[in-house]
Amino acid sequence: MAGTASRSLGCAVAAALDQQLAPGEVQWFPDGELRPTVGDVRGDDVFVVQSTGPPVNENIVELLLLLDACRRAGAQRITAVVPYFGYARQDRRSNPGDAIGARVVADALVSAGADRLVVVDPHCAQLEAMCSVPVETLTAVPVIAGALRPLAGETCVVVAPDLGAVKLAERYAKHLCAPVAVVRKTRVSGEAVRASELVGDVRSRQAVIIDDMISTGATIEAAQGVLAAGGALPDVVVAATHGVLVEGAAQRISALGVKRLVVTDTLSVSGGGLLQVCTVAPLLAEAIGRLREDRSPDELPTAELPG
Ligand code: R5P
């Protein structure tokens, strides 16, 4: 079953499993309320695919209602497959008075009926610890690295655009047999960041900037400024699992002279010729296939552990 945010990904996953998406529809009321309805799922092992990207709150509510509808319809087990998990950046209290949004959303999914979660490259590694039900964490790094290989030259350097992306950069670097450089970033606001130092040698090298997600493009823009000042070659490639790409982000990145922007289809994206979209449908299908046979989670294509 797929929510409206992930219909085409859900169809591709179902097709890879030789299945069709379960029927279901969503009604929108004039006041903005949603009413999703599901078919007969009594006794079924249900997988509900719904990324919670923009409009984030609407997509979360739709997912919650779908989970509740499945539970009330008598599903035997319900797995929320949330390829992009919104609010994952709110994984701790940065300031007194903050909420921990990731925890609130995780709790809400469980209380609505999720017996298990499947996520892809979540922003916070501790999502599993925040959840009271099992969380299967998959990674799109090998898929994206496959797309990067023909784009990345022999002299490439994998760049983490902030300290939080270092482990991820190391994983890409392993796939691309390349060194790692790190940019130090400070977030000024939701749309603005400041990049200061660069650690690592980028002079006369092609930079492959990687991140888990790109929202406004501010992080990439700031990193590119520091890389250019550090003497990196201009044919930069950018890659991230989740192309949140709010309005204007793709143009912002394009204006940097970036050669290619590689993302996956955890979210529906549009961004013109610059974009290359890799599919995670086979990865999700494999995970679902194994889970429904109750095969050990250890056999799943899980996120490579840092370290
Ligand atoms: C933050 O730590 C994330 O990993 C991304 O770097 C960030 O969310 C990207 O957002 P934006 O594109 O708005 O800079």
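Scroll up to find the structure.
On a plain count of helices and strands, the chain comes out with nine helices and 13 strands. Taken over C-alpha atoms, the radius of gyration comes to 20 Å for the chain, in line with the 19 Å a tight globule of 307 residues would show. Counting only contacts in the chain whose residues sit at least 6 apart along the sequence, the fraction spanning at least 24 positions is 65%. Just so you have it, the chain exposes about 13900 Å², and 50% of that area is on carbon and sulfur atoms.

What follows deals with the pattern of salt bridges. Applying the stated criterion across every chain yields a total of 12 salt bridges. The closest approach of N and O atoms between Arg 72 and Asp 68, which form a salt bridge, is 2.6 Å. Here the residue Arg 72 and the residue Asp 68 both occupy positions in helix 2 (residues 56–72), the gap between them amounting to four residues, near one helical turn. On the accessibility criterion, Arg 72 (63% relative accessible area) is exposed. Here Asp 107 and Arg 103 are joined by a salt bridge, their closest N and O atoms 3.2 Å apart.

A separate point is the site of the ligand. The full set close to the ligand counts 14 residues, and Arg 89, Asp 211, Asp 212, Thr 216 and Thr 219 are the nearest of them. Interatomic distance of 2.8 Å between a backbone N/O atom of Ser 215 and an oxygen atom of the ligand. Within the backbone of Gly 217, one N or O atom sits 2.8 Å away from an oxygen atom of the ligand. Taken by itself the ligand offers 380 Å² of open surface, and the protein chains cover 93% of this. For the shell around the ligand, the secondary-structure elements that each account for two or more residues are strand 8 (180–187), strand 10 (206–214) and helix 7 (218–229). With four residues, strand 10 is the single largest residue contributor to the shell around the ligand. Classifying every residue of the shell around the ligand by side-chain character gives three nonpolar, five polar and six charged.

Looking only at helix 5 (residues 141–148), the buried set comprises Val 141, Ile 144, Ala 145, Ala 147 and Leu 148. Down the axis of helix 5, the sector holding all buried residues measures 160°, keeping them to one side. Buried positions along helix 5 lie against helix 6 (166–176), strand 10, strand 11 (237–243), strand 12 (260–264) and strand 13 (275–278).

The subject of this paragraph is the environment of Ile 220. Inspection of the secondary structure puts Ile 220 in helix 7. Once the C-alpha coordinates of Ile 220 and Ile 60 are considered, the two residues, 160 residues apart in sequence, prove to be 27 Å apart. Other than its neighbours up to four places away in sequence, Ile 220 contacts Ile 209, Ile 214, Val 238, Ile 253 and Leu 256.

Quick notes on the rules
Residues numbered from 1 in each chain as written. Predicted model: local features only at pLDDT ≥ 70, side-chain atom pairs only at ≥ 80, totals over all residues. Heavy atoms only, no water. Helix = DSSP H or I, 4+ residues; strand = E, 2+ residues; numbered from the N terminus. Rg over C-alpha atoms; globule rule 2.2 N^0.38 Å. Contact = heavy atoms within 4.5 Å. Areas by Shrake-Rupley, 256 points an atom, 1.4 Å probe, with all protein chains shown as cover. Salt bridge = Lys/Arg side-chain N within 4 Å of Asp/Glu carboxyl O. Buried < 20%, exposed > 50% of the residue type's maximum accessible area, 1.4 Å probe, protein only. Near = heavy atom within 4 Å. Polar contact = N/O pair within 3.5 Å; in protein donor to acceptor, adjacent residues only side chain to side chain. Nonpolar A, V, L, I, M, F, W, Y, C, P; charged D, E, K, R; others polar. Arc of directions from axis to C-beta.

Just distances and angles here, no functional claims.
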